[in-house]
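Structural characterization, general
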Amino acid sequence: MVYLEASPPDLRHEYSFLFNQNSLSFLADLIATFEADYDKILQERQNRAVTVSQGDFKPIFKNRHILSDWKINELPKKLQNRKLDLGDCAPSDKQHLVNALNADVQGVQLDFDDGFCPTWENIIQGIYNISQAARSKLPGMQKTIEKCPVLMMRPRAFNMIEHHCMIRGRKVPGALFDFALLMHHNGKLLSEMGVGPYFYLSKIESAEEAALWNKIFIWTQDKLNIPQGTIKACILIENILAAFEMEDILYAIKDHAIGLNCGIWDYSASIIQKFGHNEEYLIPDRNKYVNVGKTFLKNYMKLVVRVCHDHGALATGGMVAKLLPKDTKTEHYQNVKKAIQDGKASEIQLGVDGFLVFDMRAVEALKELWDQHTTKENQVHVLPNIAQVTPESLLKVPKGVVTIEGLRHNLNVSLLFIYHWLLGKGTFIYNQSVEDSATAEISRCQLWQWLRHKVPIENYENQLVIYPWLMKELQNEVYRASKRYCKLYIHKKLIMIAKSFLIEIITSRHPPEFITTYLNDILHSKLGHRLIGKL
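Keep in mind that this is a model prediction, so the values were computed, not measured. (Residues numbered from 1 in each chain as written. Predicted model: local features only at pLDDT ≥ 70, side-chain atom pairs only at ≥ 80, totals over all residues. Heavy atoms only, no water.)

**Points about the overall build of the protein**
Scanning the protein for helices and strands turns up 20 helices and 13 strands. Compactness check: the protein gives a C-alpha radius of gyration of 22 Å against a globular reference of 24 Å for 535 residues, within 12% of the reference. Along the first, second and third principal axes, the C-alpha atoms of the protein reach 65 × 60 × 55 Å. Taken over 535 residues, the protein has a buried fraction of 62%. (Helix = DSSP H or I, 4+ residues; strand = E, 2+ residues; numbered from the N terminus. Rg over C-alpha atoms; globule rule 2.2 N^0.38 Å. Buried < 20%, exposed > 50% of the residue type's maximum accessible area, 1.4 Å probe, protein only.)

**What about the state of the cysteines?**
Following the criterion strictly, the structure yields zero disulfides and no others. The thiol of cysteine 148 is unpaired, and the distance to the nearest cysteine sulfur, on cysteine 89, comes to 12 Å. Cysteine 445 takes part in no disulfide bond, and the closest cysteine sulfur to it belongs to cysteine 262, at a distance of 19 Å. The buried category is assigned to cysteine 445, whose relative accessible area is 3%. (Disulfide = S-S within 2.5 Å.)

**Structural notes on helix α13 (residues 331-350)**
The first and last C-alpha atoms of α13 sit 29 Å apart over 20 residues, in line with the 28 Å expected at 1.5 Å per residue. Buried within α13 we find Tyr333, Val336, Lys337, Ile340, Gln341, Lys344, Ala345, Glu347, Ile348 and Leu350. Structurally, α13 contributes buried residues whose contacts are with α12 (295-310), β10 (314-320), β11 (354-357) and α14 (363-373). Directly beyond the C-terminal end of α13, a positive phi value near 115 degrees is found at glycine 351. (Expected span 1.5 Å × (residues − 1). Contact = heavy atoms within 4.5 Å.)

**As for the pairing of strand β9 (residues 257-262)**
Within β9, six of the six residues are buried, which leaves the element mostly enclosed by the surrounding structure. With five bridges joining them, strand β8 (residues 232-237) and β9 adopt parallel strand pairing. Considered in β9, the bridge of isoleucine 235 is made with leucine 260. (Pairing = 2+ DSSP bridges.)

**Looking at helix α18 (residues 489-507)**
Over its 19 residues, α18 runs 28 Å from end to end, which matches the ideal 27 Å to within 8%, given 1.5 Å per residue. Taken together, the buried positions of α18 are occupied by His491, Leu494, Ile495, Ile497, Ala498, Lys499, Phe501, Leu502, Ile503, Ile505 and Ile506.

**Details of the sheet that holds strand β7 (residues 198-201)**
As summarised here, the arrangement of the eight strands in space is β2-β3-β4-β7-β8-β9-β10-β11, forming a closed barrel in which the pairing is parallel. Here the average twist between neighbouring strands, direction ignored, is 30 degrees. Taken strand by strand, helix α4 (residues 94-101) contacts β2 (84-89), β3 (107-111) and β4 (150-154), and its axis lies near 180 degrees from that of β2. Docked against the sheet, α14 engages β2, β10 and β11, running at close to 165 degrees with respect to β11. (Axes fitted to C-alpha atoms, helices over the stretch in contact; angles between N-to-C directions.)

**Let's talk about the packing of helix α15 (residues 404-422) against helix α19 (residues 515-523)**
Any two packed helices are characterised by how steeply their axes cross, that is the angle between the axes, and by the distance between the axes. Two elements in contact, α15 and α19, have axes separated by 12 Å at closest approach and are oriented at 40 degrees. Relative to α19, the element α15 lies oblique. In this structure, α15 crosses over α19, and the sense of that crossing is right-handed. Facing Phe417, Ile418, Trp421 and Leu422 of α15, the residues of α19 in contact are Ile515, Thr516, Leu519, Asn520 and Leu523. Its residues assigned to classes, the contact of α15 with α19 comprises seven nonpolar, two polar and no charged. (Parallel < 35°, antiparallel > 145°, perpendicular 65-115°, else oblique. Left-handed = near helix turned anticlockwise from the far one by under 90°. Nonpolar A, V, L, I, M, F, W, Y, C, P; charged D, E, K, R; others polar.)

**Let's talk about the side chain of serine 443**
Assignment of secondary structure puts serine 443 in helix α16 (residues 437-453). Apart from the residues within four sequence positions on either side, serine 443 is in contact with Arg286, Asn410, Val413 and Ser414.

**Looking at the sheet that holds strand β6 (residues 170-173)**
A sheet is described by the order of its strands in space; here three strands give the open sequence β1-β5-β6, paired in antiparallel fashion. Where the open sheet ends on each side, the last strands, each with one partner, are β1 (2-4) and β6. Averaged over all neighbouring strand pairs, the angle between strand axes comes to 50 degrees, with direction disregarded. Of the strands in this sheet, β1, β5 (161-167) and β6 touch helix α6 (residues 174-193), which is tilted by about 65 degrees from β6.

**Describing the layout of surface pockets**
Considered as a void within the structure, the largest pocket measures approximately 1,000 Å³ in volume. Considering the residues around the largest pocket, the lining is formed by 41 residues, among which Ile264, Trp265, Met319, Val320 and Ala321 are closest to the centre. Ranked by the residues each element gives to the lining of the largest pocket, the list is headed by α13, at six residues. Each residue belonging to the lining of the largest pocket can be placed in one class, and the counts come to 17 nonpolar, 13 polar and eleven charged. (1 Å grid on protein atoms, 1.4 Å probe; cavity = no way out; pocket = protein on both sides within 12 Å on 5 of 7 lines; lining within 4 Å. Points joined across faces, edges and corners; volume = space filled by probe spheres on them.)

**What about the pattern of salt bridges?**
For the coordinates displayed, the defined rule picks out 31 salt bridges. Aspartate 111 is the partner of arginine 154 in a salt bridge, and the nearest nitrogen-oxygen pair spans 3.6 Å. Of this pair, arginine 154 sits in strand β4 while aspartate 111 sits in strand β3; the two residues are 43 residues apart in sequence, bridging distant segments of the chain. Judged by its relative accessible area of 0%, aspartate 111 falls in the buried class. Ionic pairing is found between arginine 408 and glutamate 473, a salt bridge with its closest N-O pair at 2.8 Å. You can see arginine 408 sitting in helix α15 and its partner glutamate 473 sitting in helix α17 (residues 467-485), a full 65 residues away along the chain. Glutamate 473 sits in the buried class, given a relative accessible area of 7%. Salt bridges sharing partners connect three or more residues here, namely Arg45, Arg48, Glu205, Glu209, Lys274 and Glu513. (Salt bridge = Lys/Arg side-chain N within 4 Å of Asp/Glu carboxyl O.)

**Quick notes on empty space enclosed by the protein**
This model, assessed by the stated rule, comprises three cavities of 30 Å³ or more. Taken as a whole, the largest cavity holds about 110 Å³ of empty space. Of all the elements in the fold, those that place two or more residues in the lining of the largest cavity are α10 (264-275) and α16. Top element by residues in the lining of the largest cavity is α10. It accounts for four residues. Residue composition of the lining of the largest cavity, grouped by class: three nonpolar, three polar and six charged.

Encoded structure:
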């Protein structure tokens with residue numbers, strides 16, 4: 001028995017397209033087949049969390065000495081050049097999606113995760129838009145889907161629940177909901193055209209989780225009569241525990257693998273999540289001290305590259321979040337362009353095969369950068385020296401200070417992310433950069449950690465990050481944000497609700513594993529209904 005909430009009034013056509021007897025039967029079968037495996041994955045995550053919190057976790061590279069002579073299946077021609085993907089493309093934003101499909105890049109990350117707010121309207125609109133694009137019917141597309149950048153679909157991760165759908169009396173995992181509908185409506189079609197189906201898989205924590213996705217792929221291909229190995233996926237290594245077994249993760253999905261991806265903000269936040277109660281792992285001002293030049297991130301990226309290239313897979317770097325100024329003739333434009341190119345040049349030199357970019361106007365600058373470094377489709381031939389990369393080195397966080405600017409930046413990003421989420425948006429622009437759940441994660445994790453350890457503020461004599469002082473700073477930022485963003489009464493109420501949620505998150509004894517899980521669940525709770533219902 002499948003229970004779905006009713007269609008939003010303005011999406012009745014999209015709703016009826018997505019939810020028919022065949023698609024619901026497919027969804028129900030997939031959930032019934034893998035629900036027990038999914039539950040086991042969540043239980044294993046909780047067990048690992050207990051092990052870590054009790055201080056019993058020992059960082060080791062799992063099985064690296066065993067898994068040596070193997071390769072992933074050869075990649076389709078469309079996937080061999082992965083230099084540029086557009087990232088944080090919310091598929092519910094039709095105009096943004098159309099612009100991305102018309103862009104001169106290799107792929108488009110259709111994101112239901114970091115850059116997305118999973119309201120029921122957004123989910124329905126997003127999956128429908130992808131289905132229209134797969135059929136070359138999305139208004140505004142200038143090319144058929146075969147000639148567009150490849151669709152790199154990114155379902156929600158295992159942490160999210162779809163609160164609007166119940167099967168056999170239980171709300172379903174968001175990841176399986178997204179994957180089932182995307183595959184049912186588009187998998188066979190994309191396969192027959194030779195342009196998919198391809199995926200990004202986020203927030204993987206272990207090889208067992210990658211193996212579950214592999215089982216889901218095999219079952220789905222069999223169910224939809226798609227040749228085995230057609231589905232391809234790139235796994236994001238954005239969790240410190242996943243970093244210790246990234247070779248096993250790649251091996252677990254090798255028949256369907258594209259490669260691995262680096263995400264430095266989620267990755268850094270995970271270190272705080274897992275080990276941040278220990279002052280030894282205190283991460284200083286991220287804008288000043290957290291970049292790929294630091295040992296813990298440089299070794300992490302080198303290891304991702306080497307593991308991928310040893311096995312014929314592709315390694316993807318992080319996303320360019322900075323936006324280019326609109327006036328191309330100014331010195332400021334040239335400075336920002338150079339900063340973007342310099343930052344990504346260091347990743348290219350480490351051996352990455354590509355990275356993501358948000359601002360479509362930055363594509364040309366990044367293509368210039370790639371042309372300066374290589375004429376080949378990828379850099380699989382580059383094998384970084386990882387002799388000095390030890391498990392301990394991945395946890396060697398930089399020493400440094402906390403600045404008042406960095407603290408206020410984290411307050412703003414955390415606060416405004418929650419505020420925009422309440423508005424149904426997964427991204428927003430702040431200080432000429434795109435912010436999403438990844439930057440919100442590191443921002444709120446740092447605030448929690450600095451408060452817990454009463455960290456001193458640079459150039460503020462005897463000032464520590466303590467609760468009364470931090471609340472005063474937060475209130476100042478709420479006031480500034482309210483003046484800038486809140487033109488309507490409802491917006492002023494939402495910023496105050498965002499403030500309440502943020503205080504709860506950063507003062508919790510055990511903060512939520514993911515900010516999106518917290519928001520998604522609380523907004524569907526009685527408390528959430530009371531708060532929003534008053535507006």
